[in-house]
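Examination of the molecular architecture
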There are 2 protein chains.
Amino acid sequence: MRVKIVDVAREANVSVATVSRVVNNIPLVNEETKERVLEAIKKTGYKPNAIARSLKIQKTNTMGIMIPDITNPYYTEIVRGAEDVCGIYHYNIILSNTDFDPEKEKKSLNVLVEKQCDGIIYVGKDLSAEMQAELIDAPSEVVLGCIPDDSGFLSGVLINNEAAAYELATELIKMGHKKFMLFFDELEEGYIYQERKKGFIKAFDENNIQFDDSRILREKLSLSGGYSMMEEAINSGVDFTCVFCFNDQTALGAIRCAEEMGKKIPEDISICGFNNFWIAEWTRPQITTVAQPMYDIGAIAMRMLIKLCEKDGDRTVKNVYVPHEVHIRGSVAKIDS
Amino acid sequence: MRVKIVDVAREANVSVATVSRVVNNIPLVNEETKERVLEAIKKTGYKPNAIARSLKIQKTNTMGIMIPDITNPYYTEIVRGAEDVCGIYHYNIILSNTDFDPEKEKKSLNVLVEKQCDGIIYVGKDLSAEMQAELIDAPSEVVLGCIPDDSGFLSGVLINNEAAAYELATELIKMGHKKFMLFFDELEEGYIYQERKKGFIKAFDENNIQFDDSRILREKLSLSGGYSMMEEAINSGVDFTCVFCFNDQTALGAIRCAEEMGKKIPEDISICGFNNFWIAEWTRPQITTVAQPMYDIGAIAMRMLIKLCEKDGDRTVKNVYVPHEVHIRGSVAKIDS
DNA sequence: CTGAAAGCGCTTACAG
DNA sequence: CTGAAAGCGCTTACAG
């Protein structure tokens, strides 16, 4: 049997109220009784029951984090940032992998709400109308990661994907590239997809390059997905000198496939990723990419969430755009136009 | 105000007991009243308060997982395996990064216990006597990941590190190597370190190769740690043809440094990692390593933990050794002896 | 400064 | 089949 507050009260010859006061460091306790209680706590090995406490004070000090897949290094970093901030403010994280599956997301949200999470961070590449409604409705506070909420009810932390894609494309165009392929997600629509596509189109337009949907390939955004998209691209006979991959894993897979098919990277094909995952500088060739401050996204989102959960915290709804950065590395090269 | 059980009781004209029964799917409820309650639940949008429930039934259906750093791909996979199993059995995970810091570990354990986690998975490279005592003492159930408990009180899931190191070393010796360097952890002692060292020594002994502590370098086990150990190794002028790194990140860092210093990998130096992280086949050269089934370690540990948390579950204490596998890849080569 | 008592939102013997 | 009531382990007005 775990020892409870009444046991230490008995031991210290005081009421449970008094024990509670010293446990919670409420001042008005006589120094001497406090000592006595502290001793009783040590002697009995008492540990407060946070569940009981939560029920009473209506606050759990636990946050939920819904993330597609913690195994994706991009999301891993976000979780780490969030967890570190949690630690500082004495919160804990319940982690939930959603795999971009709307059913899982719903179930997950439901459980997090039932477990009375003070707040929830929702990370994804898109916010469906349904999820948006559920999140706005949820009794827990909510902050979005990587996506914005257009309703004005939810705050979010993200990069400007359109600008990022635009800048990346512009760099490659400056290097002489005109014929592009895009290795995108299976998922047809989605906020991030749309934004980046806008960015690419803008850059293309400004340089009188035709944006052609047939130059978009779709697959799982993974090493093997990138590999097979490259295989398809080369086999298709389409003429291209540069490919934009939706993330770095995909880019690396594409690089490996191209090499195996006898292409030199970057001499024959320039390949770009996105996100700047932790290993991007350590591959050969190094991966040209757009860095996102993933850790900061998690950390900032969690800070905002905690503010929402504390009285007198800042409740301004806003989208925080964190800086991105284009890194030109060995996987791309200038070409003669 | 969140709607509570009494609200739906009122709405359905029944007692809270009845509502509770239908929510928990307890049979003895009249079909008709059940319908009425279900409707009231839908109408009011009632969601049970899991905290209140937990307090009453003395079970939270949440598990704690203490892991050094979720950002390390090795640990990431373990967490994913654990979380997936949790999902199946309707548990949730509270994630806690401990960074190999005994203070953080203690605090973390404490919080997990206070939050009444039904069970806790402790993952690390070593189990200090102090931690061991605390874990055995903890009112939550505990299963270890990657390390065993020699007291016979705690179950664990892990590979046989000694055998793994032995097999890896034997392979390299067969390839003609005799002069080794070892790139190990800053942390001097520790279970996994000791086991692997034993394995290396055994292989060396069997082949009349002297094991010399001066051939062990110590640094952070990271890309840059590997890089700087290789720098030091080469600059030291010590003669070696093969290096064993404690993990794959370290190996990759070492490979990059060696290349930059004009060495050809694997022709001039053979380099091995450990763990077979997800990208090991996609680097160039590909990394020779020992695969651990990380996902399974997490999944099996969680299964065992859940059994411990359910009545009539299997309470046998045991260490489950999962299979490892040596993968010889492009980062190593035969040499003429 | 301290304690008695109500109440947080549930579940579950117990009685009917 | 259903309900009244006790109790899970805390916190916190309220009274003294």
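Scroll up a little and you will see the structure.
Criteria and thresholds
Residues numbered from 1 in each chain as written. Chains lettered and ligands numbered in written order. Predicted model: local features only at pLDDT ≥ 70, side-chain atom pairs only at ≥ 80, totals over all residues. Heavy atoms only, no water. Patch = residues over 30% accessible without salt bridge, like charges linked within 9 Å, V, L, I, M, F, W, Y side chains within 5 Å. Areas by Shrake-Rupley, 256 points an atom, 1.4 Å probe, with all protein chains shown as cover. Salt bridge = Lys/Arg side-chain N within 4 Å of Asp/Glu carboxyl O. Lys, Arg positive; Asp, Glu negative; His and termini not counted. Charge placed at Lys NZ, Arg CZ, Asp CG, Glu CD. Helix = DSSP H or I, 4+ residues; strand = E, 2+ residues; numbered from the N terminus. Buried < 20%, exposed > 50% of the residue type's maximum accessible area, 1.4 Å probe, protein only. Near = heavy atom within 4 Å. Polar contact = N/O pair within 3.5 Å; in protein donor to acceptor, adjacent residues only side chain to side chain. Nonpolar A, V, L, I, M, F, W, Y, C, P; charged D, E, K, R; others polar. Pairing = 2+ DSSP bridges. Axes fitted to C-alpha atoms, helices over the stretch in contact; angles between N-to-C directions. Contact = heavy atoms within 4.5 Å.

1. A word on a negative patch on the surface
All names here are of chain A. On the surface, a cluster of negative charge is contributed by Glu31, Glu32, Glu35 and Glu39. Summarising the element assignment, Glu35 is placed in helix H3 (residues 31-44). Note on Glu35: relative accessible area 43%, which makes it partly exposed.

2. Section: the protein's contact with DNA strand D
DNA strand D sits among 27 residues. The nearest are Lys4(A), Ser20(A), Thr18(B), Arg21(B) and Lys56(B). Note that a phosphate oxygen of DNA strand D is positioned 2.9 Å from one of the side-chain N or O atoms of Thr33(B). One nitrogen or oxygen atom from the side chain of Gln58(B) is found 3.3 Å from a phosphate oxygen belonging to DNA strand D. Elements supplying a minimum of two residues to the surface near DNA strand D: helix H2 (16-23) and helix H4 (50-57) of chain A together with helix H2 (16-23) and helix H4 (50-57) of chain B. Counting residues per element, the surface near DNA strand D draws most heavily on H4(A), at 4 residues. Residue composition of the surface near DNA strand D, by class: 12 nonpolar, 8 polar and 7 charged.

3. Comments concerning the environment of Glu189(B)
Position of Glu189(B) relative to the elements: it lies in the loop between strand S6 (180-185) and helix H9 (191-206). Separated by 12 residues in the primary sequence, Glu189(B) and Ile201(B) place their C-alpha atoms 16 Å from one another.

4. Considering the environment of Pro266(A)
All names here are of chain A. Within the secondary structure layout, Pro266 lies in the loop between helix H11 (248-260) and strand S9 (270-272). A relative accessible area of 12% places Pro266 in the buried class. Linking Pro266 and Gly119, residues 147 residues apart in sequence, is a C-alpha distance of 46 Å.

5. Considering unusual backbone geometry
At the junction of Ile265(B) and Pro266(B), the peptide bond is cis and its omega measures out at 10° in the coordinates. The phi angle at Gln58(A) is positive, at roughly 60°, despite the residue not being glycine. Looking at where Gln58(A) falls in the secondary structure, it is placed in the loop between H4 and strand S1 (62-67). What makes Gln58(A) exposed here is its relative accessible area of 54%. Even without being glycine, Gln116(A) reaches a positive phi, approximately 60°. One can find Gln116(A) in the loop between helix H6 (102-114) and strand S3 (119-123).

6. Re the protein's contact with DNA strand C
The environment of DNA strand C is made up of 27 residues, and the closest members are Thr18(A), Arg21(A), Lys56(A), Lys4(B) and Ser20(B). Within 4 Å of the protein, the atoms of DNA strand C are drawn from sugar and phosphate moieties in a proportion of 68%. Between DNA strand C and Asn30(A) there is a distance of 2.9 Å, counted from a phosphate oxygen to a backbone nitrogen or oxygen. In the model, a phosphate oxygen of DNA strand C is placed 3.3 Å from a nitrogen or oxygen of the Asn49(B) main chain. At the level of secondary structure, the elements contributing two or more residues to the surface near DNA strand C comprise H2 and H4 of chain A together with H2 and H4 of chain B. With 4 residues, H4(B) is the single largest residue contributor to the surface near DNA strand C. Of the residues contributing to the surface near DNA strand C, the split by class is 12 nonpolar, 8 polar and 7 charged.

7. Quick look at the sheet that holds strand S7 (residues 216-219) of chain B
Residue and element names in this part refer to chain B. Spatial ordering of the open sheet is given by S7-S6-S8-S9, a layout of 4 strands whose pairing is parallel. Bordering the open sheet on either side are S7 and strand S9 (270-272), each of which pairs with just one other strand. Shown here is a sheet whose adjacent strand axes are inclined to one another by a mean of 20°, direction ignored. When S6 meets strand S8 (residues 242-245), the two strands line up parallel, connected through 4 bridges. Considered in S8, the bridge of Leu182 is made with Phe244. Each of S6, S8 and S9 is contacted by helix H8 (residues 161-174), which is oriented at about 170° to S8, the strand it contacts most. Helix-sheet contacts for helix H10 (residues 223-236) involve S6, S7, S8 and S9, and the interaxial angle to S7 is about 145°.

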